[in-house]
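Here's the letter readout for the chains.
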Amino acid sequence: MRDVADLLATVPTGLWIGGEQRPAVGGGTFAVHDPATGEVLTEVADATAADGRLALDAAVAAQASWAATPARERAEILRRAWESVMARRDDFALLMTLEMGKPLTEAQGEVTYGGEFLRWFSEEAVRINGRYTHSPSGAGRILVTKQPVGPALAITPWNFPLAMGTRKIAPAFAAGCTMVVKPAAETPLTMLLLGQVFADAGLPAGVLSILPTSRAAQLTDPMFEDDRLRKVTFTGSTGVGKILLAQSASKVLRTSMELGGNAPFVVFDDADLDAAIDGAMAAKMRNIGEACTAANRFHVDNAVREEFTARLTARMQSLKIGPGHLDGVQVGPLITAKQRASVADLVADAVAKGAKITTGGAEVPGPGWFYEPTVLTDVPAGARILREEVFGPVAAITGFDGEAAGIAAANNTEFGLAAYIYTRDLDRALRVAEALESGMVGVNRGIISDVAAPFGGVKESGLGREAGTEGIEEYLETKYIALP
């Protein structure tokens, strides 16, 4: 494994504006911490509203020429960026483990997943189609074409520092849009390194700017009021998403919102329990449970609930906890002390209301922000953990009797991002999948994210879709030209 100090010495720490590093206006910086130790990794430039204006200036200046760049050239830049990310796989993986905490094997998986958006949309860039038809009345002809939306602002979360960026940047660039990215304050380093990769791949100056900041609203609020911004894409909590939607309304900005989740994991009485347990571990413990698609509520038919609970408990007890860069570690730290306290509070609330802990249920003492993998059973309907996204390594189990009750339990939430079902019956699988109020459904699968599939939710889990053939449409306007 590469020496940490050597790696950090290669990572940009300034703002990325106009194709180069620069300090923040005023020279401010903020610290990036290692959640496994609480220690400072490095300091990065702290962007201000003035920096936001400079970045938007650069995006606007580059927009026309970037939109006019042949699709094949845009595709080749994305392809070269993908090749460079793959060549630096170990650097990106270690960097994510250091600033976010996920185990190194998972970070390596994110490099593959995140990099694939660059490759996928390099291929989609040359497949932006319109249509030409005769009007049914015979009075004329219809020409439909697609054009880039224009300068976009992307606000990305800390839990997938690479993939949540590339899932937005790649389709924007493929469509011909310039972009300003505000990465999460907890994990700016991965995105800054990606900025260097794009520069090396030949991306023209101004097409991409990256603005780490410890004062997000002060940076972004003026940008929402700027007539030149045309698009906002955000991944994060529903609460923040609602604020951004309200801000977007004043200028009628195009928006893509991938918001909170409260994913149900429904196990029917005919499920293959071996597969269900494997799927439960994947759906719950991917990224230490800090994923919007993470299974939060385990609704298990009472006919198999006792066995499912015992087996899930045994698997959770077997997991190795520790700093993510160490060999064999399966559970790293949570992102901050505040996030760990939030997880502990939800567990305490459930227990106070009658839930039983079968394993875990406590913070891990020592440096860093670790929490034990936890299983709760007999979770009562009034427990907050059934309503709120836990974003940690906690599985909350409730029972149900019959298919209708399982569907009702799964849909009993204002969220609708991901859902999981386990059954051997194909008719039931399709019937239930169609009945679930969710943008994505995994059938006998614990991992559902796929670069070739549309990612997004319904209800309060968001608007729009990322990835798949649908993803590029979020960055394109449809224009109708009437011909004689």
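The structure under discussion appears in the preceding block.
Attention in this report is confined to the structure presented alongside it. (Residues numbered from 1 in each chain as written. Predicted model: local features only at pLDDT ≥ 70, side-chain atom pairs only at ≥ 80, totals over all residues. Heavy atoms only, no water.)

### Points about the overall build of the protein
Inclusion rule: Under the DSSP-based scheme used, a helix requires at least four consecutive residues in state H or I and a strand at least two consecutive residues in state E, with every element numbered from the N terminus. Computation of the radius of gyration draws on C-alpha atoms alone. For the globule rule, the value is 2.2 Å times the number of residues to the power 0.38. Relative accessibility decides the category of a residue: with a 1.4 Å probe and only protein chains considered, values under 20% of the type maximum give buried, values over 50% give exposed, and everything between is partly exposed. Contacts were defined at the residue level, with two residues in contact if any of their heavy atoms lie within 4.5 Å. Surface exposure here means Shrake-Rupley accessible area, sampled with a 1.4 Å probe, where a residue is shielded only by the protein chains that are shown. Here the positive residues are Lys and Arg and the negative ones are Asp and Glu; neither His nor the chain ends is included. By convention, the point assigned to a charge is CZ for Arg, NZ for Lys, CD for Glu and CG for Asp.
Counting secondary structure elements, the protein contains 14 helices and 20 strands. For the protein, the C-alpha radius of gyration of 23 Å lies close to 23 Å, the compact-globule estimate for 484 residues. With the principal axes as the frame, the protein shows a C-alpha extent of 65 × 65 × 40 Å. Counting over 484 residues, the protein shows a buried share of 56%. Summarising the internal contacts of the protein: among those between residues at least 6 apart in sequence, 74% fall at separations of at least 24. For the protein, the computed accessible surface area is about 18,100 Å², with 52% contributed by carbon and sulfur atoms. Within the protein, one finds 45 positive and 58 negative side-chain charges whose respective centroids are separated by 5 Å.

### Things to note about the packing of helix α3 (residues 71–87) against helix α7 (residues 189–200)
A pair of packed helices is captured by two measures, namely the crossing angle of their axes and the spacing between those axes. For the record, the criterion: Interaxial angle, 0 to 180 degrees, is taken between N-to-C directions of lines fitted to C-alpha atoms, where a helix line uses only the stretch in contact. Relative orientations are named as follows: roughly parallel for angles under 35 degrees, roughly antiparallel for angles over 145 degrees, roughly perpendicular for angles from 65 to 115 degrees, and oblique for any other angle. Crossings are classed by handedness, with left-handed meaning an anticlockwise turn of the near helix from the far one by less than a right angle and right-handed meaning a clockwise turn. Gly falls in the polar group here, along with every residue not listed as nonpolar (Ala, Val, Leu, Ile, Met, Phe, Trp, Tyr, Cys, Pro) or charged (Asp, Glu, Lys, Arg).
Interaxial distance between α3 and α7 falls to 9 Å at its minimum, and their mutual angle equals 125 degrees. In this view, α3 runs oblique relative to α7, as classed from their interaxial angle. Crossing handedness for the pair α3 and α7: right-handed. The residues of α7 that touch α3, namely those facing Ile77, Leu78, Ala81, Ser84 and Val85, are Leu194, Val197 and Phe198. Here the contact of α3 with α7 is built from residues that sort into seven nonpolar, one polar and no charged.

### Section: the side chain of Arg167
Filter applied, for reference: Whenever a nitrogen or oxygen atom comes within 3.5 Å of another N or O atom, the pair is scored as a polar contact, on the condition that within protein one atom can donate a hydrogen and the other can accept it, and that pairs from neighbouring residues in sequence are kept only if both atoms are in side chains.
As for its placement among the helices and strands, Arg167 is situated in helix α6 (residues 163–175). The exposure class assigned to Arg167 is buried, which follows from its relative accessible area of 1%. Separated by 3.1 Å, the side chains of Arg167 and Glu258 make a polar contact. Excluding residues that lie within four positions of it along the chain, Arg167 makes contacts with Tyr113, Phe117, Thr235, Glu258, Phe455, Glu466 and Ala467.

### Things to note about empty space enclosed by the protein
Heads up, the rule is: Throughout, the protein atoms alone are placed on a 1 Å grid, and a set of points is a cavity if a 1.4 Å probe fits but cannot get out or a pocket if it is open with protein on both sides within 12 Å along at least five of seven lines; lining residues have an atom within 4 Å of a point. Grid points are joined across faces, edges and corners, and a volume is the space filled by probe spheres set on the points.
Here the structure, examined in full by the defined rule, presents seven cavities of 30 Å³ or more. In this structure, the largest cavity spans a volume of roughly 70 Å³. Lining the largest cavity are 16 residues, and of these Pro264, Ala410, Phe415, Gly416 and Glu437 lie nearest its centre. Those elements that place two or more of their residues in the lining of the largest cavity are β12 (263–267), α13 (403–411) and β17 (418–422).

### A look at the environment of Gly195
In this fold, Gly195 is placed in helix α7. As a C-alpha pair, Gly195 and Ser122 span 73 residues in sequence and 17 Å in three-dimensional space.

### Observations regarding the sheet that holds strand β5 (residues 131–134)
Basically, it comes down to this: Each pair of strands is called paired provided DSSP finds at least two bridges between the two strands.
Pairing is antiparallel across the open sheet formed by three strands, whose spatial order is β5-β6-β20. Both edges of this open sheet fall to β5 and β20 (476–483), since each of them pairs with a single strand only. Going from strand to strand, the sheet's axes swing by 20 degrees on average, the running direction of each strand aside. Examined bridge by bridge, β5 and strand β6 (residues 141–148) share four bridges and lie antiparallel to one another. Paired with Thr133 across the two strands is Ile142, which belongs to β6.

### Describing the packing of aromatic side chains
Heads up, the condition is: Only rings of Phe, Tyr and Trp enter the pairing, Trp through its six-membered ring, and a pair is recorded when the two centres are within 6.5 Å. The plane angle decides the type: under 30 degrees is stacked, over 60 is edge-to-face, the rest tilted. Whether a charge sits over a ring comes down to the Lys NZ or Arg CZ being within 6 Å of the ring centre and within 35 degrees of the ring normal.
One pass over the structure, following the stated rule, counts nine aromatic pairs. Seen from their ring centres, Trp66 and Phe173 are 5.9 Å apart, and the 80 degrees between their planes marks the pair as edge-to-face. Taken together, the residues span a long stretch of sequence, with Trp66 in helix α2 (residues 49–68) and Phe173 in helix α6 at a distance of 107 residues. Residue Trp66 is classed as buried on the basis of its relative accessible area, which comes to 1%. Residue classification places Phe173 among the buried positions, given a relative accessible area of 1%. In textbook terms, an aromatic cluster arises when at least three aromatic residues are bridged by ring pairs, as seen for Phe265, Phe298, Phe308, Tyr420 and Tyr422. Arg167 extends its terminal NZ or CZ atom over the ring of Phe455, reaching a point 4.0 Å from the ring centre. Over the ring of Tyr475 we find Lys231; its NZ or CZ atom is 4.9 Å from the centre of that ring.

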